[in-house]
Amino acid sequence: MAGGGGAAFGPSALGTKPHWDAAYERELQFFQDTGDAGEIWFGEESMVRVIRWLEKQKVPHDSPVLDIGTGNGVLLVELAKSGYTNLTGIDYSPSAIKLSEKVREKEGMSNIKLQVEDFLAPSAELSGFQICIDKGTFDAISLNPDNAVGKRKQYVRSLRNVLKAEGFFLITSCNWTKEELLEEFREGFEILEELPTPKFCFGGRIGNSITALVFQRKE
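Predicted model only: the values in this text are computed from it and were never measured.

A. Broad picture of the overall build of the chain. In terms of regular secondary structure, the chain is built from 7 helices and 9 strands. Here the chain holds 219 residues, and 49% of them are scored as buried. Sequence separation of 24 or more characterises 74% of the internal contacts of the chain that already satisfy a separation of 6 or more. Of the roughly 10,500 Å² of accessible surface on the chain, 51% is carried by carbon and sulfur atoms.

Shown next, in the form of C-alpha cells:
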C-alpha cells in the first residue's frame, strides 16, 4: 500500500460490483436532484496531473484514449475540454455509465464514447488504444473477496490486449507503492516515469499517500 505494503489490505465490499452499482445509483439520483457529478477520485489534481503529462509528451489530440472504470466520466470531460477527441470510457456498473452519460450530456461532449464493459472480460472491439488511464480501478479489483490475485493478473492480461505496443498506461493508486506496482505490471510493461503526488510526514518519515506512475507497453 502507499500507506504500508500491498499484502496489508484484505477483502472488502469496495471490490465488489454490487457495492459500485449501489454507489452509482445514489450518485445518479444525486446528480438528477442537484446537477452535481459527485466525487472525483483522488481529487481534481489527479486529473490535472494526467492531462499535464499528456500535454508535456505532446500526445496527439486524436490518439485513442481509454478510461478504465470511468465512474462519473468527469476525467473524460476534462480531457475533451483540453482538446482530446478520441475518448472512450468503460465501467462494469450500468449505473456508472448512466451517470457518465448524464454528465456528458450536461457538458455537451457528445463525442465521448461510453459503454458498459467488464475490463476483466473485455469485448474484442476494445483494442487499439494509445493511452489507458486508471484512477482507482486496479485498487478496487485488488480488494475483491473472490480471488483478487487472479483478477489482478487478468487485469494485466486485459491491459496488454487493449493497449497498443509502445502505448502508455497511467495509473493512480492509494493501495500500492511504486515498487509493488512495478512488480504487478512487470510482464509486458516498463516504467517510464513516476508523477509527483502530495507527500506527508509522519514520525519524521516522508511518504506518499498516492502513487502515480506511467508505464509503456513493450513491443
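B. Representation of the packing of helix H1 (residues 17-34) against helix H4 (residues 94-107) within the structure. Look at H1 against H4: their axes get within 7 Å of each other, and the N-to-C directions meet at 30°. As summarised for this structure, H1 and H4 are arranged roughly parallel, according to the angle between their axes. Between H1 and H4 lies a crossing of left-handed hand. Across from Lys17, Asp21, Tyr24, Glu25, Glu27, Leu28, Phe31 and Gln32 in H1, the residues of H4 making contact are Pro94, Ser95, Ala96, Lys98, Leu99, Lys102, Val103 and Lys106.

C. Here's a closer look at the sheet that holds strand S3 (residues 113-116). The mixed open sheet is built from 7 strands, whose spatial order is S3-S2-S1-S4-S5-S9-S6. The two strands at the open ends of the sheet, each matched to only one other strand, are S3 and strand S6 (189-194). The average angle at which neighbouring strand axes cross in this sheet is 20°, direction not considered. With respect to the sheet, helix H3 (residues 74-81) is in contact with strand S1 (65-68), strand S2 (87-91), S3 and strand S4 (129-135), its orientation differing from that of S2 by roughly 175°. Relative to S3, H4 is tilted by about 165°, and along the sheet it contacts S2 and S3.

D. Here's a closer look at the pattern of salt bridges. Under the definition given, this model contains 8 salt bridges. Residue Glu184 is joined to Arg152 by a salt bridge in which the shortest nitrogen-to-oxygen separation is 2.9 Å. Separated by 32 residues along the polypeptide, Glu184 in helix H7 (residues 178-184) and Arg152 in helix H6 (residues 148-162) bring together distant segments of the chain. Judged on exposure class, the residue Glu184 and its partner Arg152 are both buried. Salt bridges sharing partners connect three or more residues here, namely Glu78, Lys81 and Glu107.

E. The arrangement of the pairing of S2 in detail. The element S2 is largely enclosed, with a buried count of 5 among its 5 residues. Here S2 shows a buried face lined by Leu87, Gly89 and Asp91 and a second buried face lined by Thr88 and Ile90. Of the pairings in the sheet, the one linking S1 to S2 comprises 4 bridges and is parallel in character. Within S2, the position partnered with Val65 by the bridge is Leu87. Pairing of S2 with S3 involves 4 bridges; the strand directions are parallel. Along S3, the bridge assignment pairs Ile90 with Gln115. Handedness of the crossover joining S2 and S3 through H4 is recorded here as right-handed.

F. Highlighting the environment of Phe215. Secondary-structure assignment places Phe215 in strand S9 (residues 211-217). Given the relative accessible area of 1%, Phe215 is considered buried. Note: C-alpha distance between Phe215 and Phe169 (46 residues apart in sequence) is 5.0 Å. Sequence-distant contacts of Phe215, defined by excluding residues within four places in its chain, comprise Gly167, Phe168, Phe169, Ile171, Leu181, Leu182, Phe185, Phe189, Glu190, Ile191 and Leu192.

Rules used throughout
Residues numbered from 1 in each chain as written. Predicted model: local features only at pLDDT ≥ 70, side-chain atom pairs only at ≥ 80, totals over all residues. Heavy atoms only, no water. Helix = DSSP H or I, 4+ residues; strand = E, 2+ residues; numbered from the N terminus. Buried < 20%, exposed > 50% of the residue type's maximum accessible area, 1.4 Å probe, protein only. Contact = heavy atoms within 4.5 Å. Areas by Shrake-Rupley, 256 points an atom, 1.4 Å probe, with all protein chains shown as cover. Axes fitted to C-alpha atoms, helices over the stretch in contact; angles between N-to-C directions. Parallel < 35°, antiparallel > 145°, perpendicular 65-115°, else oblique. Left-handed = near helix turned anticlockwise from the far one by under 90°. Pairing = 2+ DSSP bridges. Salt bridge = Lys/Arg side-chain N within 4 Å of Asp/Glu carboxyl O. Right-handed = clockwise from strand over helix to strand, strands pointing away.

So, to be careful, I would describe these as geometric facts and stop short of saying anything about function.
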